[in-house]
Amino acid sequence: MFKRMSALLLVGATVMTMAGCGSGGTTSASQPGSGGGDDKITMGFSQVGAESGWRTANTKSVQESAKTAGIELKFSDAQQKQENQIKAIRSFIQQKVDVIAFSPVVESGWDTVLKEAKNAKIPVILTDRAVDSADTSLYKTFLGSDFVEEGRKAGKWLVEEYKDSTETVNIVELQGTTGSAPANDRKAGFAEVIGADAKFKVIASQTGDFTRAKGKEVMEAFLKSNPDIDVLYAHNDDMGLGAIEAIEGAGKVPGKDIKIITVDAVKDGMQALADGKINYIVECSPLLGPQLMDLAKKVVAGEQVPTRVVTEETTFTQEQAKQALPTRQY
Ligand code: GZL
């Protein structure tokens, strides 16, 4: 019944448009969203990849929220390659989706394809990671974390942990994906806080690309060339978990011989924290799906939305992890 009614309405509206009244509201062949002609929103979503526990949880949140919101989701996994994301966005433009959302794997190199989306009158929402485009008209809003603040939180814990020590503190850092907003900003926030005290020395800093395997490999190299490591700061849990394998492989005790700070607070990281192998975790929530779908509906309806929506996040000590684990959603 509803389908027939809406079909009749559509025919009526189309007739009005063809009569040259030209008033808005209907989707003609040249307008985005002219897919099946029904009023269901179609979203093209380009995901970074499947590199970490965080990413898996984020993908689940986006897919489940689209279903709940009644939004048709065209989902693409870029396997951490920018060229795959650009291809996916171009495909979404060709398919005339109503809205495009994506988590840019790196900050730079998006202006051309985002201009193509703008010219096609398809609104874009940035989710999770940001871009460094000077032209902020290329996207409607950014939904995600304040990564600089996450780095600051990690630094503040370390400063507190060593407040009574005058000894040099040798730190190694496992950075996230080179050129990505979380890697750039978590590094900057951490350095800003520890930079206030010369005893903190970052003696090695290298990307582990947000993966366990690379985190383990780079930590093995750090251990070989730096006999006196006091602290590891890893930009995500997965690299920290890989590093734990390397530390144990070198006959050292993670969480004691080498203190470890990570970011994310996914289940495996929280378990290592509760087990005493990690000392502190800064939360970065992957559960962006519900807010993303709400923003998409508003943007497609032409409503004003905030240019930046920052997610609520906390931090966890070992004790707090033991309390939180039983009810952890991801
Ligand atoms: C942060 C997100 C990062 C996570 C990593 O919002 O982009 O990418 O911290 C993930 O675990 O790989």
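Scroll up for the structure.
Criteria and cut-off values
- Residue indices begin from 1 for each chain and proceed along its sequence in written order.
- Two thresholds apply to this predicted model, a pLDDT of at least 70 for residue-level local features and 80 or more for giving and counting side-chain atom pairs, whereas whole-chain, interface and lining totals are computed over all residues.
- No hydrogens and no water enter the side-chain calculation; it runs on all heavy atoms of the structure.
- A run of H or I in DSSP counts as a helix once it spans at least four residues, and a run of E counts as a strand once it spans at least two, with each numbered from the N terminus.
- Residue exposure (1.4 Å probe, protein chains only): buried if accessible area is under 20% of the type maximum, exposed if over 50%, otherwise partly exposed.
- Near is defined per residue: the residue qualifies when any heavy atom it owns lies within 4 Å of the molecule or strand.
- Residues adjacent in sequence count toward polar contacts only when both atoms are side-chain atoms; beyond that, a polar contact is any pair of N or O atoms within 3.5 Å, and within protein one must be able to donate a hydrogen and the other to accept it.
- Values of accessible area rely on a 1.4 Å probe in the Shrake-Rupley scheme; residue burial ignores everything except the protein chains shown.
- Classification convention: Asp, Glu, Lys, Arg as charged; Ala, Val, Leu, Ile, Met, Phe, Trp, Tyr, Cys, Pro as nonpolar; all other residues, Gly among them, as polar.
- Residue ranges for the domains originate in an automatic or database domain assignment.
- Strand pairing is assigned whenever DSSP identifies at least 2 bridges connecting the two strands.
- If the strands point away from the viewer and the path from the first strand over the helix to the second runs clockwise, then the crossover is right-handed.
- Here the nonpolar core consists of buried residues drawn from Ala, Val, Leu, Ile, Met, Phe, Trp, Tyr and Cys, with membership extended through side-chain atoms lying within 4.5 Å.
- Contacts are assigned to residue pairs that have any heavy atoms within 4.5 Å of one another.

## Section: the environment of Gly302
Here's step 1: Along the chain, Gly302 turns up in the loop between helix H10 (289-300) and strand E11 (308-310).
Here's step 2: The exposure class of Gly302 is exposed, given its relative accessible area of 60%.
Here's step 3: Spatially, the C-alpha atom of Gly302 lies 9.5 Å from that of Pro123, the residues being 179 residues apart in sequence.

## Focus on the site of the ligand
Here's step 1: Neighbouring the ligand are 13 residues, the closest being Glu51, Asp128, Arg129, Arg186 and Asp264.
Here's step 2: Residue Ser52 places a side-chain N or O atom 2.9 Å away from an oxygen atom belonging to the ligand.
Here's step 3: A total of 320 Å² of accessible area belongs to the ligand in isolation, and the protein chains cover 100% of it.
Here's step 4: When residues of the shell around the ligand are traced back to their parent elements, those giving at least two are helix H2 (53-69) and helix H6 (181-194).
Here's step 5: Residue composition of the shell around the ligand, by class: five nonpolar, two polar and six charged.
Here's step 6: Split by domain, the residues of the shell around the ligand number at least three in each of domain 1 (26-145 + 286-312) and domain 2 (147-284).

## Comments concerning the pairing of strand E9 (residues 259-264)
For a regular strand, the rule is simple: side chains alternate between the two faces of the sheet.
Here's step 1: Of all six residues that make up E9, six are buried, and the element is covered over most of its length.
Here's step 2: Residue alternation in E9 divides its side chains into two sets, Lys259, Ile261 and Val263 and Ile260, Thr262 and Asp264, and both sets are buried.
Here's step 3: In this sheet, E9 lies alongside strand E8 (residues 231-234) in parallel orientation, the contact comprising three bridges. Each bridged residue has a counterpart across the sheet, and for Tyr233 the counterpart in E9 is Ile261.
Here's step 4: Handedness of the β-α-β unit built from E8, helix H8 (residues 237-249) and E9 comes out right-handed.
Here's step 5: With four bridges joining them, E9 and strand E10 (residues 280-283) adopt parallel strand pairing. The residue bridging Val263 from the neighbouring strand is Val282, located in E10.
Here's step 6: Viewed along the sheet, the connection from E9 through helix H9 (residues 267-274) into E10 turns out right-handed.

## Details of the nonpolar core
Here's step 1: If you look at the biggest cluster of nonpolar residues, it comprises 45 residues, and the most contacted ones within it are Ile100, Phe102, Trp110, Val124, Leu158, Ile171 and Ile261.
Here's step 2: With five residues, the single largest contributor to this core is helix H3 (residues 82-94).
Here's step 3: Among the domains, domain 1 (26-145 + 286-312) and domain 2 (147-284) are the pair contributing at least three residues each to this core.
Here's step 4: The contact partners of Leu158, leaving out residues within four places of it in the chain, are Ile171, Phe190, Ile194, Phe200, Val231 and Ile261.
Here's step 5: Core analysis: the next-biggest nonpolar cluster, separate from the first, contains 30 residues, Phe210, Ile229, Ala272 and Ile278 among them.

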